[in-house]
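Spelled out, the chains give:
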Amino acid sequence: MLMDNMAYLQQIAGVDNSAAQKAGKNSSGILKKIFNVWTLLGVVVLTVILVVVAVVVNSMNQVDTKDQDYMVQSYWTASNLSLKTITKYANQVKNSDIRNMSASLNSVLQEIIQNYKEIMNSVYSVKVESFNAKNNDIVAKVEEVNTKLNDTLEDGRLNGILDRVYLREMTLQIAHLRSYQAEIKERTSKSGVKDFAEKTESNLGNLYNQFFNFKSNTI
């Protein structure tokens, strides 16, 4: 009888120990799962933070060259207008007042060409005059626009309305050049560049008003 009681007690003790072991294992598994979830979440958050920091640092290290881009655009737009458009079509315009305004415009274009050539070379060590449509996207776009402009003027000439078309198209070109100066003025950190852009913007503004407000019964 005593042996039976001892066996019974040992059996109960064995069951209890097994249950305790199972409970311990279950608790350990839950803790591991929780720990793994939080670890994974922490890794994800840390990764996101590192990516954001890298993007911010990279953007801070990038140098804004938009002012130079607008100077290149100004130089080549002025060069194309002067050499390929005004030289070819201004003398074919019948109205003498428009021809005189074109002469004034050409003077401003020459200032743009000369000054931005010197500025780009002395301030940024860039020979803007060496660019071409093959090695510079801005030049390629400028030449494309100028070709379309000249095609439009040629159509006007062939249809006997060159004065009207010339006045309209040159007014638009002056507006574009003027907007480039405004961008340069706002973006550059160089006082000399800012001063020239501001002066040129003002000169182009005066010319724009002359072209835009021009009225004549002959055109």
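Note: the structure precedes this text.
This structure is a prediction, so every number in the text was calculated from the model and none was measured.

Caption draft 1: Local environment of the overall build of the protein chain. Scanning the protein chain for helices and strands turns up six helices and zero strands. N-terminal to C-terminal, the α/β element order of the protein chain is α-α-α-α-α-α. Scored against the burial criterion, the 219 residues of the protein chain give a buried share of 31%. Long-range pairs, those at least 24 residues apart, make up 79% of the contacts in the protein chain with a sequence separation of at least 6. Of the roughly 14100 Å² of accessible surface on the protein chain, 56% is carried by carbon and sulfur atoms.

Caption draft 2: Seen up close, the nonpolar core. In terms of nonpolar packing, the biggest core is built from 44 residues, with Met71, Leu105, Tyr116 and Tyr166 touching the most fellow members. Elements with a contribution of two residues or more to this core: α2 (66–89), α3 (96–124), α4 (137–158), α5 (162–187) and α6 (191–212). Broken down by element, this core gets its largest block of residues, eleven residues, from α3. For Tyr116, the contacting residues outside a window of four places in its chain are Met71, Ser74, Tyr75, Val128, Gln181, Ile184, Phe196 and Ala197.

Caption draft 3: Structural view of the packing of aromatic side chains. Counted according to the given criterion, the structure contains four aromatic pairs. Plain terms: the ring middles of Tyr116 and Phe196 are 5.1 Å apart, the flat faces sit at 85 degrees to each other, and that makes the pair edge-to-face. One end of the pair, Tyr116, is in helix α3; the other, Phe196, is in helix α6, and 80 residues separate them in sequence. For Tyr116, a relative accessible area of 0% corresponds to the buried category. When the centroid spacing of 5.5 Å and the interplanar angle of 10 degrees are considered together, the rings of Tyr208 and Phe212 count as stacked. Separated by four residues within a single helix, Tyr208 and Phe212 lie in helix α6, roughly one turn from each other.

Caption draft 4: Geometry of the environment of Ala182. Looking at the element boundaries, Ala182 is found in helix α5. Counting along the chain gives 15 residues from Ala182 to Ala197, while the straight-line C-alpha distance between them is 7.1 Å.

Caption draft 5: Quick look at the pattern of salt bridges. For the structure on display, the rule yields five salt bridges. As a salt-bridge pair, Arg187 and Glu183 come within 3.1 Å of each other at their nearest N and O atoms. Remark: Glu183 and Arg187 occur in helix α5; sequence separation between them is four residues, near one turn of the helix. Residue classification places Arg187 among the partly exposed residues on the basis of a relative accessible area of 36%. A salt bridge links Glu201 to Lys185, with the nearest nitrogen and oxygen atoms 2.9 Å apart. A residue pair is termed long-range when its members are at least 10 positions apart, and Glu201 in helix α6 and Lys185 in helix α5 qualify at 16 residues. Exposure class is identical for Glu201 and Lys185. Each is buried.

Rules used in this analysis
- Residues numbered from 1 in each chain as written.
- Predicted model: local features only at pLDDT ≥ 70, side-chain atom pairs only at ≥ 80, totals over all residues.
- Heavy atoms only, no water.
- Helix = DSSP H or I, 4+ residues; strand = E, 2+ residues; numbered from the N terminus.
- Buried < 20%, exposed > 50% of the residue type's maximum accessible area, 1.4 Å probe, protein only.
- Contact = heavy atoms within 4.5 Å.
- Areas by Shrake-Rupley, 256 points an atom, 1.4 Å probe, with all protein chains shown as cover.
- Core = buried A, V, L, I, M, F, W, Y, C linked by side-chain atoms within 4.5 Å.
- Phe/Tyr/Trp six-rings, centres within 6.5 Å; stacked < 30°, edge-to-face > 60°.
- Salt bridge = Lys/Arg side-chain N within 4 Å of Asp/Glu carboxyl O.

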